[in-house]
Amino acid sequence: MIQLSNIEKVYRTKTIETVALNCVNMHVERGEFVSIMGPSGCGKSTLLNIMGLLDEPSAGQVSIDGLPVKTHSDKQLAKLRNEKIGFVFQSYHLIHDLSVVDNVELPLLYRNISGSERRKRALEALEKVGLSTRTRHFPSQLSGGQRQRVAIARALAGNPEIILADEPTGNLDSVMGEEIMDILLRLNKEEGTTIVMVTHDEHMAHKTSRLIRFFDGQQVADSLVLEAQI
Ligand code: ADP
Ligand code: ADP
């Protein structure tokens, strides 16, 4: 589903050159729930941004469903991202002066979908995360766990095939973190959504189907493959 081949990412400023990813090869199959672990600064967010077509690699190739995205125009990339990929971030990234349901509708605004259909899909997504009673609230009136559930509903409203989650439980206490993890596990199991999640939490990582460890911009362990490649 997502294939990374020989991916390198170098950030250059006038004085410093940082190699964030160094020859990364990875294939995420449809239906997998992959967790990515590693120390701060080892390239996890960069990897997720490249997988999510938010950022371009300095070298190497990203393919989605077997098609290299290199030749895509910015418009085609935006379309692919909007239709296939849902993002969940540690800090939720909700719009504070929009209600919960309006936040969830946001990604649908860029599609050719009527207002009533948008509302219907947003309410369905909120039901999936157990927030049907909070649709008219504003983000400031919710707990951290509830805000993250809104962010997950926003990702789900677009009916994505892939969810990319950057430390989705990082700002939450263990009870709320477990709730978020349970929602992601259920989505993966019941709806077959492919999930790639960056986490610092070993306990959460061990609930997923595959654990990849990073160090200094490279994979150093993969609970599923590597022996096939090395
Ligand atoms: P992680 O998510 O594992 O903490 P990142 O992918 O955020 O790691 O960062 C990897 C490396 O790239 C770090 O050394 C970081 O400082 C550097 N980096 C990340 N983003 C940028 C940027 N926009 N400009 C320059 N350096 C960056
Ligand atoms: P952190 O893990 O440090 O809290 P975030 O979760 O806020 O960082 O964001 C992770 C990465 O995703 C960052 O590199 C950021 O630039 C990018 N990002 C965050 N929000 C968005 C967004 N709405 N659209 C595109 N990229 C985003």
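Within every chain, residues take consecutive numbers counted from 1 along the sequence as written. All chains are assigned letters beginning with A, and all ligands numbers beginning with 1, in the order in which they are written. Reporting in this predicted model follows two pLDDT cut-offs: at least 70 for local features of residues, and 80 or more for side-chain atom pairs to be given and counted; totals over whole chains, interfaces and linings ignore these cut-offs and use all residues. Note: side-chain values were computed over all heavy atoms of the structure, leaving out hydrogens and water.

## Details of the sheet that holds strand β8 (residues 194–198)
Working step 1: A strand pair is defined by DSSP finding two or more bridges across the two strands. Every helix listed is a DSSP run of H or I at least four residues long, and every strand listed is a run of E at least two residues long, numbered separately from the N terminus. Within the open sheet, the six strands sit side by side as β6-β7-β8-β3-β9-β10. Their pairing is mixed. The sheet is open, and its two edges are formed by β6 (85–89) and β10 (218–222), each paired on a single side. When strand polarity is set aside, the average angle formed by the axes of neighbouring strands in this sheet is 20°.
Working step 2: Here strand β3 (residues 33–37) pairs with β8 via four bridges, running parallel. Helix axes are fitted to C-alpha atoms over the stretch in contact, other axes to C-alpha atoms as well, and angles between N-to-C directions run from 0 to 180 degrees.

## Brief notes about the side chain of D166
Working step 1: Relative to the elements of secondary structure, D166 occurs in strand β7 (residues 162–166).
Working step 2: Although D166 lies buried, it forms no salt bridge, and the closest oppositely charged side chain, K44, sits 7.1 Å away as judged by the N-O distance. Type-normalised accessible area, obtained with a 1.4 Å probe on protein chains alone, sets the label of each residue: buried when under 20%, exposed when over 50%, and partly exposed for intermediate values. His is not counted, nor are the chain ends, whereas Lys and Arg count as positive and Asp and Glu as negative. One speaks of a salt bridge when a side-chain nitrogen belonging to Lys or Arg is within 4 Å of a carboxyl oxygen belonging to Asp or Glu.

## Thoughts on the layout of surface pockets
Working step 1: Using a grid of 1 Å spacing that covers the protein atoms alone, one calls a set of points a cavity when a 1.4 Å probe fits there but cannot get out, and a pocket when the set is open and has protein on both sides within 12 Å along at least five of seven lines; lining residues are those with an atom within 4 Å of a point. Grid points are joined across faces, edges and corners, and a volume is the space filled by probe spheres set on the points. By volume, the largest pocket amounts to about 600 Å³.
Working step 2: In terms of lining residues, the largest pocket is bounded by 21 residues, among which R81, N82, I85, P107 and Y110 are the most central.
Working step 3: If one sorts the elements of the lining of the largest pocket by residue count, helix α2 (residues 74–84) sits on top with six residues.
Working step 4: Under the convention adopted here, Pro, Cys and the residues Ala, Val, Leu, Ile, Met, Phe, Trp and Tyr are nonpolar, Asp, Glu, Lys and Arg are charged, and Gly plus all remaining residues are polar. For the lining of the largest pocket, the per-class residue count stands at ten nonpolar, five polar and six charged.
Working step 5: If you go around the second largest pocket, you meet 16 residues; those closest to its centre are E56, P57, V69, K70 and L77.

## As for the packing of aromatic side chains
In this description, an aromatic ring pair is defined by two values, namely the gap between the centres and the angle between the planes.
Working step 1: Pairs were defined over the aromatic rings of Phe, Tyr and Trp, the Trp ring being its six-membered one, requiring ring centres within 6.5 Å. Orientation was assigned from the angle between planes: stacked under 30 degrees, edge-to-face over 60, tilted for the rest. Evaluated as defined, the whole model comprises one aromatic pair.
Working step 2: Ring geometry for F87 against F89: centres 6.1 Å apart, planes inclined by 5°, an arrangement best described as stacked.
Working step 3: Given a relative accessible area of 16%, F87 falls into the buried group.
Working step 4: Of the residues examined, F89 reaches a relative accessible area of 26% and is grouped as partly exposed.

## Some details on the site of ligand 1
Working step 1: Residues are labelled near a given molecule or strand when at least one of their non-hydrogen atoms is within 4 Å of it. What surrounds ligand 1 is the set Y11, T18, A20, P39, S40, G41, C42, G43, K44, S45 and T46.
Working step 2: N or O atoms within 3.5 Å of each other form a polar contact, as long as, within protein, one can give a hydrogen and the other can take it, and as long as residues adjacent in sequence are counted only when both atoms are side-chain atoms. One of the backbone nitrogen or oxygen atoms of C42 is found 3.2 Å away from an oxygen atom of ligand 1.
Working step 3: The contact in question runs from an oxygen atom of ligand 1 to an N or O atom on the backbone of G43, over 3.0 Å.
Working step 4: All accessibility values rest on the Shrake-Rupley procedure with a 1.4 Å probe; residue burial counts only the protein chains present in the view. Contact with the protein chains hides 60% of the accessible area of ligand 1, taken as 560 Å² for the molecule alone.
Working step 5: Secondary structure elements with two or more residues in the shell around ligand 1: β2 (17–28) and α1 (44–51).
Working step 6: Sort the elements by how many residues they give to the shell around ligand 1 and α1 lands first, with three residues.
Working step 7: Of the residues that constitute the shell around ligand 1, the class distribution is four nonpolar, six polar and one charged.

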